Amino acid sequence: MKKFESNNVIIRYPGNPVMSAEKVPYDATLIFNAGVTKFNGKYVMVFRNDYNFEQSDYAKGKNVKIKTNIGIAFSNDGLNWDVKPEPCQPVPLNDEIRRCYDPRLTVIDGRCYICFAVDTAHGIRGGIAVTDDFDKFEILSLSTPDNRNMVLFPEKINGEYLRLERPFPVYGRHSNESFDCWMSYSPDLCYWGKDQLLLGAEDVSFCNCKIGPAAPPIKTPQGWLTTFHAVWTHDDSELDSWHGGWDKEYLAGLMLLDLDNPNKIIGIYQDPLLLSETDHELKGFRGSVIFPGGMILEDSGEVKIYYGAADTVECLATAHIDDLIDLCLKDA
Ligand code: BMA
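Numbering of residues starts from 1 in each chain and follows the order in which that chain's sequence is written. Given that the model is predicted, a residue must reach a pLDDT of at least 70 before its local features are reported, and side-chain atom pairs must reach 80 or more before they are shown or counted; all residues, however, enter totals for whole chains, interfaces and linings. Hydrogens and waters are ignored; side-chain quantities use all the structure's heavy atoms.

Draft legend 1. Highlighting the nonpolar core. Membership of the largest hydrophobic core comes to 26 residues, with the highest contact counts inside it found for I10, L225, L273 and L324. Numbered from the N terminus, helices here are DSSP runs of H or I no shorter than four residues, and strands are runs of E no shorter than two. Elements with a contribution of two residues or more to this core: strand 17 (248–257), strand 19 (290–297), strand 20 (302–309), strand 21 (313–320) and helix 3 (321–330). If you tally residues by element for this core, the top one is helix 3, at five residues. Here the nonpolar core consists of buried residues drawn from Ala, Val, Leu, Ile, Met, Phe, Trp, Tyr and Cys, with membership extended through side-chain atoms lying within 4.5 Å. Each residue gets one of three labels from its accessible area relative to the maximum for its type: buried under 20%, exposed over 50%, partly exposed in between, using a 1.4 Å probe on protein chains only. Counting residues in each nonpolar core, the second largest holds 25 residues, with F4, W224, A230 and L275 among its members.

Draft legend 2. Summary view of the pairing of strand 17. In terms of burial, strand 17 is a largely internal element, ten of the ten residues being buried. On strand 17, burial covers both faces: K248, Y250, A252, L254 and L256 on one face and E249, L251, G253, M255 and L257 on the other are all buried. Any two strands between which DSSP finds at least two bridges are classified as paired. Of the pairings in the sheet, the one linking strand 16 (residues 223–233) to strand 17 comprises ten bridges and is antiparallel in character. Residue pairing across strands places T233 opposite K248, the latter belonging to strand 17.

Draft legend 3. Spotlight on the site of the ligand. Inspection of the region around the ligand gives N33, R48, D102, R148, W246, Y250, R286, F291 and D311 as its neighbouring residues. Pairs of N or O atoms are called polar contacts if they sit within 3.5 Å, as long as, within protein, a hydrogen donor faces a hydrogen acceptor (for residues adjacent in sequence, only side-chain-to-side-chain pairs). R48 places a polar side-chain atom, nitrogen or oxygen, 2.9 Å from an oxygen atom of the ligand. The contact in question runs from an oxygen atom of the ligand to an N or O atom on the side chain of Y250, over 3.1 Å. About the coverage of the ligand: the protein hides 86% of its 300 Å² of free accessible area. For each structure, a 1 Å grid was placed over the protein atoms alone; sets of points admitting a 1.4 Å probe that cannot get out are labelled cavities, open sets with protein on both sides within 12 Å along at least five of seven lines are labelled pockets, and lining residues have an atom within 4 Å of a point. A molecule is said to be in a cavity or pocket once over half of its atoms fall within 2 Å of that pocket's grid points. For the ligand, the cavity whose grid points lie within 2 Å of the majority of its atoms is the largest pocket. Residue classes in the shell around the ligand are distributed as three nonpolar, one polar and five charged. Any residue with a heavy atom lying within 4 Å of a molecule or strand is counted as near it. Shrake-Rupley sampling with a 1.4 Å probe provides the accessible areas, and residues are treated as covered by the protein chains on show and by no other component. Charged residues are taken to be Asp, Glu, Lys and Arg, nonpolar residues to be Ala, Val, Leu, Ile, Met, Phe, Trp, Tyr, Cys and Pro, and polar residues to be all remaining types, Gly included.

Draft legend 4. Seen up close, the pairing of strand 19. Counted residue by residue, strand 19 has seven buried out of eight residues, so it is predominantly covered. Strand direction decides the pairing type here: strand 19 and strand 20, joined by seven bridges, are antiparallel. In the strand pairing of strand 20, F291 is matched with G308. Counting the residues in the hairpin turn of strand 19 and strand 20 gives four residues, including G301, whose phi is positive at 95°.

Draft legend 5. View of empty space enclosed by the protein. Grid points are joined across faces, edges and corners, and a volume is the space filled by probe spheres set on the points. Evaluated as defined, the whole model comprises two cavities of 30 Å³ or more. Here the largest cavity defines a volume of roughly 50 Å³. Going through the elements one at a time, strand 6 (97–108), strand 7 (111–120) and strand 10 (147–152) are the ones with two or more residues in the lining of the largest cavity. By residue class, the composition of the lining of the largest cavity is four nonpolar, one polar and three charged.

Draft legend 6. Examining the sheet that holds strand 21 more closely. Spatially, four strands are ordered 1-21-20-19 in an open sheet, and the strand pairing comes out antiparallel. Edge strands, defined here as strands with exactly one partner in the open sheet, are strand 1 (11–12) and strand 19. As paired elements, strand 20 and strand 21 share eight bridges and run antiparallel to each other. Across the sheet, K304 pairs through a bridge with T318, a residue of strand 21. We call two residues in contact when some of their heavy atoms are within 4.5 Å. In this analysis, axes come from line fits to C-alpha atoms, helices being fitted only over the stretch in contact, and the angle between any two N-to-C directions falls in the range 0 to 180 degrees. Where helix 3 meets the sheet, it contacts strand 19, strand 20 and strand 21, and its direction lies at approximately 85° from that of strand 21.

Here it is, written out as structure tokens:
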């Protein structure tokens, strides 16, 4: 891969990470890949917590059994967070549904929708639930395997709900992990169809593996602005990790979709928007992983981008909305 740098319109929050295991009042090891939104006047963060192990277990050769739950935090400023004393479980776990992770939040018409992945006995499924209080969740849909990284648009477009998603067609693509960004439509958030390819992995210069959605899109007068994740596999070198053998760098890309027809990409920034450069990003459970899960447009024009770093902590970077749009349109 050509040598890239995060674009200089991006400013990392000096107080990073905004969320980490130390701030969580229950068993917690890795806090990452959070969904973040504004709901009822507060910032809400719903994060993935992998626990029941620690870094030294790998050095000791212990049989690591990772458990996962979903934590919730609230904030008045998007920077300082109060974590709810107990984690939650948006989907009841059982012999079939074994783990829920990577939550993403979208507020539509005053209700908060949460997309998530679940590991099941029969494959990875993407789900959507709705909540009004982050206590009770109503499951609206669970896809067939294998699909995940679902994110919802914050309003109906031409009378339909839309989501971005990432199926993993292991038999149909030319390599084992060449996966793309798709979209589908729904009249009611339960039934999904009219599936369309949005962006192929081969069209992203900083990807030699797979891509998929990242944070849910935000609306701007110029179009739907959205991040995506892209993976570059380093066949020639190993990246920092707790478990060894890690070679996948996760980078964040940026694109702008047509307001009325989001299946049309108006502009895509040709370089990565954000890639691992700080210690929080380069070193951890899986170093060099950046995974945006929440993007908030403030009235000032500031965009807050929340991203999981090294599958270990949750970080924040900001940029001005006009600069982000310019990046998408400069090569259009
Ligand atoms: C993916 C998911 C993400 C994670 C990434 C890097 O397959 O598990 O949650 O951030 O790998 O480990």
